[in-house]
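Structure assessment
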Amino acid sequence: MLLKIRILSIVFLLLFAALSIRLFYWQVIKRASLSDEAKNQYNSSQIIAAPRGNILASDKSFWVVRTQAWLIWANPRQIELTPREISNKLSPFFVSDPGDAGSLLAESQRLETILGRGDVSWIALKQKVNDEVKRNIEALNIGGIGFDAQESSYYPEASSAAQILGFVGKDEKGSDIGYFGIEGYYDLPLSGKPGFVGGQKDAFGSPILLGGTKEVNAVSGVDLETSIDKRIQVAVEKGLAAGIGKYGALGGSVTVMDPADGSIMAMASFPSFDPAKYSGYSNSLFKNPVISDSFEPGSILKVAVMAAGLDAGVVQPETSCDICSGALKVDKYLIKTWNDRYHPGITMTDVIVESDNVGMSFVGQKLGADRLYDYLHKFGIGEKTGIDLQGEVAPKLREKGTWNVVDLATASFGQGVAVTGIEMVRAVAAIANGGYLVTPKVVGVIRSDGWEEKVKTPPPTRIISEKTAREVTQMMVEAVDRGEAKWTKIPGFSVAGKTGTAQIPVAGHYDAANTNHSFIGFAPAENPKFVMLVTLNSPQSSPWAAETAAPLWFSIAKELFPYLGVAPSQ
Amino acid sequence: MLIFFLGAMAVSSVLMTVATATSGAEVSSLQKEQARLSDQKRYLEGTLVKTLSMDQLQEKSGSLGYVKPVNLVYVALPESVAKLP
């Protein structure tokens, strides 16, 4: 009996020892990993996405609004149908035109391939599908298919203003990021700051309130109110598209700006792209030619050079040119007028009216290279304007002090100098507004919940006297009334403008067949409401801007006059 | 006395756990409702924006009989002149 009790005691002792060792193993040795595992079961953390800000037009309607979208995913381990069956059911929802057999087949094959991967437990099938598609797919009740909320950008005006707006793409981590235009320039304030919520949850996913929560609120991205006017933008785009077709141009651009404060009212270029389907377009279409492409301005630069001559006091509007009786020999080159007609003793006003290259060389000679350089620099030629759009470039002027006589002569009528469209608009705006160089801007107000702030720009700086601006304006009015483009002007309206037909530099020489055409002007000439630049690339219908860019300028201006309250002066 | 006190503690502990769990479920339900309403708000905003696009407005104004003027006529008001005494 005693033996049995002893044996039983030893067994119990051994069992107790084994239990103690096992408990020691779980509670001491494996404590950390088990504790982590438990925490993983009841602790939850979630990133709170910050909604991206919207982009608004000048009337506070939407250019871009952020909407609810869905990421559709699949868990191949849970799907009940075969990959082919699922791909056949889903592919019609994932193509833009289900009637297009080719794209439907390609999408179906893509889905079947990725669904066939059995080694993963989560596969993204389609990004950013809309609510309607989500509801239709939900109705199919396919096991193993799920939905995660995402944000998408909706463009009420479709591809309108695409090169101003830019688009939202992905960075290398797969996060949303703005590219080009406003989306690129203002990416940080538009993005906001994501938040975080952490706490404990029970087996049903309900929060355990005693466990405490940690929460950092998301900061929403700000809304941007632009100065882009929808009516003007649409009118400009329609006019430009019609003009490109009518004059057989490869492309073109139109920029409309308020010369008083530099607010951009419209900016359009063709060819362009659809920001909602940006991946289907060539990268070359994403950049905005008005701020990213440079060109030789040709005769439209003459107004800035003439303003320099008048402001420096080296010429007056009535000064007569004493070298204008024929072609001008400069070094080994012969400078001619565009029509090879010469006007002995022509006045400076008529130099602008006739767009006389020899007359402009006369002004250039009077100014001298250094002073011309200084004035071009004052007009902002050769430097970025500071416009709030991503992708601005500024071709540099040839360095001061290195200009020879040929450089001086050609620059005075707009050759051998490269500018961007926005540089030219700003330079002519300085003539329109009485002599002040302004900073072009697109976004006027930044606002968030109950808070708004005006976007500050550098104050305008005076670059020429008011008298000079008035005199050049009068010359530009005369150019419209009496120049080559007089046939296209709208009777009764006071418009100041200048045509430009520029050769295209190609690999060290000028293109013999093609030219770029432009017309820059403002209206009304006194106290102008807008300054507008029209450029056409290689139009085929005529070699002269007076027959292409100028009529296009006036056809668009005709739409703008009643809207902006510009009435005839006569 | 001690048994009564321990019993009260145990009952209150159970009640508190039940109340907390109920509150947690309510919070979870409210969070889901908030998410649903937020989604619905975004959906309605999106729908509203779509109906206010320039194309849609142009279509609607056309169907209501509004047409864009083809020619504008500007009327100059006669300038006032001094009357003879």
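Residues numbered from 1 in each chain as written. Chains lettered and ligands numbered in written order. Predicted model: local features only at pLDDT ≥ 70, side-chain atom pairs only at ≥ 80, totals over all residues.

1. Notes on the overall build of chain B
Rule in force here: We count a stretch as a helix when DSSP gives it H or I for four or more residues in a row; a strand needs E for two or more, and each element gets its number in order from the N terminus. Throughout, the radius of gyration refers to the C-alpha atoms, and the reference size of a globule is 2.2 Å times the residue count to the power 0.38. To assign burial, the other C-beta atoms lying within 10 Å of each residue's own C-beta are counted, with C-beta atoms placed from the backbone; 20 or more indicates buried, 12 or fewer indicates exposed, and intermediate counts indicate partly exposed.
The secondary structure content of chain B amounts to 2 helices and 0 strands. Radius of gyration (C-alpha) of chain B: 36 Å, far over the 12 Å computed for a compact globule of 85 residues. Structurally, chain B occupies a C-alpha span of about 115 × 45 × 15 Å along its principal axes. Counting across all 85 residues of chain B, residues that qualify as buried make up 4%.

2. Section: the sheet that holds strand β21 (residues 496-506) of chain A
All names here are of chain A. So the rule is basically this: For two strands to pair, DSSP has to find at least two bridges joining them. Each axis is a line fitted through C-alpha atoms, taken for helices only over the stretch in contact, and angles between the N-to-C directions span 0 to 180 degrees. Two residues form a contact once the distance between their C-beta atoms, set from the backbone, is within 7 Å.
Spatial ordering of the open sheet is given by β12-β11-β23-β22-β21, a layout of 5 strands whose pairing is antiparallel. Either end of the sheet is taken by a strand with one partner, and the two such strands are β12 (264-270) and β21. Each strand of the sheet is rotated relative to its neighbour by a mean of 10°, with strand direction disregarded. In this sheet, strand β22 (residues 509-523) lies alongside β21 in antiparallel orientation, the contact comprising 10 bridges. Across the sheet, lysine 498 pairs through a bridge with isoleucine 520, a residue of β22. In the packing of helix α9 (residues 230-247) onto the sheet, contacts are made with β11 (251-257), β12 and β23 (530-537), and the angle to β12 comes to roughly 30°.

3. Quick word on the interface of chain B and chain A
Formally: Ten residue types, Ala, Val, Leu, Ile, Met, Phe, Trp, Tyr, Cys and Pro, are classed as nonpolar, four, Asp, Glu, Lys and Arg, as charged, and the remainder, Gly among them, as polar.
Taken together, the contact pairs 18 residues of chain B with 21 residues of chain A. Among the elements that take part in the side of chain B that touches chain A, helix α1 (residues 2-51) of chain B stands out by supplying 13 residues, more than any other. A per-class count over the side of chain B that touches chain A returns 8 nonpolar, 6 polar and 4 charged.

4. Examining unusual backbone geometry
Residue and element names in this part refer to chain A. Geometrically, the link from phenylalanine 270 to proline 271 is a cis peptide bond, its omega value of 0° lying close to zero. Within the secondary structure, proline 271 sits in the loop between β12 and α10 (289-292). Omega for the peptide link from alanine 523 to proline 524 comes to -15°, which places this bond in the cis form. Position of proline 524 among the secondary structure elements: in the loop between β22 and β23. Phi at lysine 60 is positive, roughly 70°, even though this residue is not glycine.

5. Overview of the packing of helix α3 (residues 83-94) of chain A against helix α5 (residues 131-140) of chain A
All names here are of chain A. Where we set the bar: To sort the angles, those under 35 degrees are grouped as roughly parallel, those over 145 as roughly antiparallel, those from 65 to 115 as roughly perpendicular, and the leftovers as oblique. Two helices cross in a left-handed way if the nearer one is turned anticlockwise from the farther one by less than a right angle. They cross in a right-handed way if the turn is clockwise.
It is at 10 Å that the axes of α3 and α5 come closest, and there the two elements cross at 165°. Judged on the interaxial angle alone, α5 and α3 are roughly antiparallel. As for the relative orientation of α3 and α5, their crossing is right-handed in sense. On the side of α3, the interface is formed by Lys89, Leu90 and Phe93, while α5 contributes Val133, Asn136, Ile137 and Leu140. Considering only residue class, the contact of α3 with α5 consists of 5 nonpolar, 1 polar and 1 charged.

6. Concerning the sheet that holds strand β1 (residues 43-48) of chain A
All names here are of chain A. Read from one edge to the other, the open sheet built from 3 strands follows the order β1-β8-β9, with strand pairing classed as antiparallel. On the outer flanks of this sheet lie β1 and β9 (214-216), each paired with one strand and no other. For this sheet the average axis-to-axis angle between neighbouring strands, irrespective of direction, equals 10°. Across 3 bridges, strand β8 (residues 195-200) lies against β9 in antiparallel orientation. Paired with valine 197 across the two strands is glutamate 215, which belongs to β9.

7. Focus on helix α18 (residues 549-564) of chain A
Residues and elements named next belong to chain A. Threshold: Between the first and last residue of a helix there are one fewer steps than residues, each counted as 1.5 Å, and that sum is the expected span. Consider a residue and the seven residues that end there alongside the seven that start there; fitting an axis to each set, the bend is the angle between those axes.
Over its 16 residues, α18 extends 21 Å from the first C-alpha to the last, a length consistent with the 22 Å expected when each residue adds 1.5 Å. For α18, the principal kink sits at lysine 558 and spans about 30°; a proline, proline 562, occurs within the next four residues. Within α18 the residues assigned to the buried category are Ala549, Ala550, Pro551, Leu552, Trp553, Phe554, Ile556, Ala557, Leu560 and Phe561. Against α9, β11, β21, β22 and β23 lie the buried residues of α18. Just downstream of α18, glycine 565 is the residue with a positive phi angle, here 75°.

8. Topic: the nonpolar core
Residues and elements named next belong to chain A. Selection criterion: Defined on buried residues, the nonpolar core groups Ala, Val, Leu, Ile, Met, Phe, Trp, Tyr and Cys residues joined through C-beta atoms within 7 Å.
Ile182, Val303, Met306, Leu372, Val428, Met532 and Trp553 are the most contacted members of the largest nonpolar core, which totals 133 residues. Apart from the residues lying within four places of it in its own chain, the contact partners of tryptophan 553 are Gly497, Phe519, Gly521, Met532 and Val534. Of all hydrophobic cores here, the second largest spans 13 residues; its members include Ile86, Phe94, Leu111 and Ile145.

9. Side note on the domain arrangement of chain A
By a frequent convention, interface size equals the accessible area lost on bringing the separate parts together. Stated formally: For the domains described, the bounds stem from an automatic or database domain assignment.
Per the domain assignment, the segments of chain A are domain 1 (68-150) and domain 2 (230-564). Using only C-alpha atoms to locate each centre, domain 1 of chain A and domain 2 of chain A end up separated by 52 Å.

10. Focus: helix α13 (residues 357-367) of chain A
Residues and elements named next belong to chain A. Counting buried residues along α13, 9 of its 11 residues qualify, which places the element largely inside the surrounding structure. Within α13, the full set of buried residues consists of Asn357, Val358, Gly359, Met360, Ser361, Phe362, Val363, Gly364 and Leu367. Contact partners of the buried residues in α13: α11 (302-312), β14 (328-330), β15 (333-335), α12 (348-354), α14 (369-378) and α15 (405-412). Directly beyond the C-terminal end of α13, a positive phi value near 85° is found at glycine 368.

11. Here we look at the pairing of strand β3 (residues 62-74) of chain A
As a general feature of sheets, a regular strand has side chains that alternate between the two faces. Residue and element names in this part refer to chain A. Extensive coverage of β3 is indicated by the burial of 11 of its 13 residues. Taken together, the 2 bridges between strand β2 (residues 55-56) and β3 define a ladder with antiparallel strand orientation. Bridge pairing links leucine 56 to phenylalanine 62 in β3. Two successive antiparallel strands, β2 and β3, enclose a turn made up of 5 residues, where lysine 60 displays a positive phi of approximately 70°. Where β3 meets strand β5 (residues 145-154), 10 bridges bridge the pair, whose relative direction is antiparallel. What sits directly across from valine 65, in β5, is tyrosine 154. As defined by bridge partners, β3 adjoins strand β4 (residues 123-129) across 4 bridges and the pair is classed as antiparallel. Across the sheet, tryptophan 73 pairs through a bridge with alanine 124, a residue of β4.

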